[in-house]
Amino acid sequence: MPPCEVIGLGYCSWDYLGILDHIPDFDAPTESMSDFAISGGGPVATALSALAHLGVRTGYIGALGGDEPGRSALAAFQQEGIDTQRLRVQPGARSAVCFSLVQTKTAKRVILCYRGTTTPLQLDKGDREYIAAARFLHLDGHHMAAAIEAARIVHEAGGTVVLDANRPRPGLEDLLPWVHVLITNSLFPTVYSSESDLETAMGRLLKGGTRLVVTTLGARGCLYRSRDESVRVPGFRVNALDTTGAGDAFHGAFIYGLMRGWPPHRTATFANAVAALNCLALGGRAGLPTLGETEAFLRSEGRAED
């Protein structure tokens, strides 16, 4: 098999999703959901799925239990064409499972996660060779010791390390020096840096090997900051059904733009489009578009030249 262009090392879950008008209180009468879906989830896992839909050869390093959710998550990877030769299935362990309740009118959601009982990864010789052959490594801060080692391998091999940072985690200060592109949610920069201004906080994160910081802003698009500029890129208006996985889809699409050598503004516009399209279906991966579908959407919005 040829080497994977993008390797993801991180979290994977098996998700159950339902749409309802409001979240009931404990002991309230039974509520009816208007729709229900089952989907693979997890930050790195969904980003890899987005890349696979765009035609990129990807591989996943992570851990699943030998239970039914684990078997389902593995089957979803294989159906999407994501290489799983370095995925660990731990017999007797329980896989991560998430329940996502989506509000009918707003598409906002509440996510309840059971983290499972799989043990942290330890890289072996095969993993190291597999990782070193990739052009890009995508991380989400899970399996931190393995993530730091993998980032160092890719950094030293001349590849690019991308990190999805959604909250401060133990060991993160040891990982960040090996990260080239840092993609965060709207809260992480100010919380991590203790700066109240978002752009100032993003600037504080531009140190060590990090050359670009990108912060997602939901429907408002995103903000990216390099050492030379700070730019807001507007999002797209769509009739969102479910926002689950939108940020993860953005990360995968942003990596696609990096692979193509696009400038940050074009890459951010493309990633905003993929994230918006993913909100049109229920589930973190159900609405992931192909490259052709994304390009057609950008043309329809008059932003193909962005």
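Provided above is the structure to which this section pertains.
Residues numbered from 1 in each chain as written. Predicted model: local features only at pLDDT ≥ 70, side-chain atom pairs only at ≥ 80, totals over all residues. Heavy atoms only, no water.

1. Quick look at the state of the cysteines
Thinking step 1. All chains considered together, the criterion is met by one disulfide.
Thinking step 2. Sulfur-sulfur distance for the disulfide between C98 and C113 comes to 2.4 Å. Its S-S torsion of about 100° marks the bond between C98 and C113 as right-handed, since a negative value means left-handed. With C98 in strand β7 (residues 97-103) and C113 in strand β8 (residues 109-114), this residue pair connects regions lying 15 residues apart in the sequence.
Thinking step 3. Classification of C98 by relative accessible area gives buried; the value is 4%.
Thinking step 4. On the basis of relative accessibility, which here comes to 35%, the residue C113 falls in the partly exposed class. (Disulfide = S-S within 2.5 Å. Helix = DSSP H or I, 4+ residues; strand = E, 2+ residues; numbered from the N terminus. Buried < 20%, exposed > 50% of the residue type's maximum accessible area, 1.4 Å probe, protein only.)

2. Structural notes on the pairing of strand β2 (residues 13-20)
Thinking step 1. The element β2 is extensively covered by neighbouring structure, given that seven of its eight residues are classed as buried.
Thinking step 2. Relative to β7, β2 runs parallel, the two sharing seven bridges. Across the sheet, the residue bridging to G18 is L101, located in β7. (Pairing = 2+ DSSP bridges.)

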